[in-house]
Amino acid sequence: MEQSDVLWLKSFEQNLLRNRQLSFSRGGFLSYVAEGSPKMFQFILHSVSVSGGLRFFADVRRFREEGEAAAGFHFPLTRERFTFEGQISKIKSQEDIEAAWANLSPAERSAFASAAPGAPVDVQTLADKFNAQPIEKISENFAIFELAPKAVDHLVQKMPEVVADARNPVFESEFKPYKTEKRYIFSLDAGLWKVKQVNP
């Protein structure tokens, strides 16, 4: 096993950049166990810290768990997948919470004041939401969570063997049969990230 300079973080950020035209590219799925049952929560990645922590916003009426969890991302344009295992924690810094809330659009803020998730639909509640005034005060339902990875599984899928690049003056297709899938397992050991390549 070799030590890496957080190579997975560089690759992950590159994939976010190269897939940014897809509106769902920052969407991930979080799996965890609550009250003895497996659960899944879909989230939108807000930011990635320098240390690799994955931050996202959540309505605490829908998600409030802390502890062990796993998250997955798939990037269609680059055909790469990332699976993270680590610890979920709730951000308690009031400065971070205020800054995040200030950057939300009125529509995003209103989502945290919507009817209680899972409750029966009420016509009056829907009418109240339609006529609601812009929300300035931070909602008590708004929270920031961070997944601190301790293991990362990075799969680089095989690209199509015929590559056509229309950006070249002369349109050409190139056959590359030697392309293969690659998979890397990263693990955090005594504060240092290490990586090994394994079979896909």
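A. A look at the nonpolar core. If you look at the biggest cluster of nonpolar residues, it comprises 29 residues, and the most contacted ones within it are Phe-12, Leu-30, Phe-56, Phe-63 and Phe-84. Elements with a contribution of two residues or more to this core: helix H1 (7–18), strand E2 (27–34), strand E3 (37–48), strand E4 (54–59), strand E5 (67–75), strand E6 (80–90), strand E7 (142–156) and strand E11 (192–198). Leave out the neighbours within four places in its chain, and Leu-30 touches Lys-39, Met-40, Phe-41, Phe-43, Phe-56, Phe-63, Ala-69, Ala-70, Ala-71, Ile-88 and Leu-147.

B. Representation of the pairing of E3. In this structure, E2 lies alongside E3, joined through eight bridges in antiparallel fashion. Note that in E3 the partner of Ala-34 across the bridge is Ser-37. Adjacent in sequence and paired antiparallel, E2 and E3 are bridged by two residues, among which Glu-35 carries a positive phi angle near 55 degrees. Where E3 lies against E4, three bridges are found, and the strand directions are antiparallel. Directly across from Ser-47, in E4, lies its bridge partner Arg-55. Counting the residues that bridge the hairpin from E3 to E4 gives five residues, and of these Gly-52 lies at a positive phi of roughly 100 degrees.

The rules behind these values
- Residues numbered from 1 in each chain as written.
- Predicted model: local features only at pLDDT ≥ 70, side-chain atom pairs only at ≥ 80, totals over all residues.
- Heavy atoms only, no water.
- Core = buried A, V, L, I, M, F, W, Y, C linked by side-chain atoms within 4.5 Å.
- Buried < 20%, exposed > 50% of the residue type's maximum accessible area, 1.4 Å probe, protein only.
- Helix = DSSP H or I, 4+ residues; strand = E, 2+ residues; numbered from the N terminus.
- Contact = heavy atoms within 4.5 Å.
- Pairing = 2+ DSSP bridges.

Purely spatial values, then, with no claim about function.
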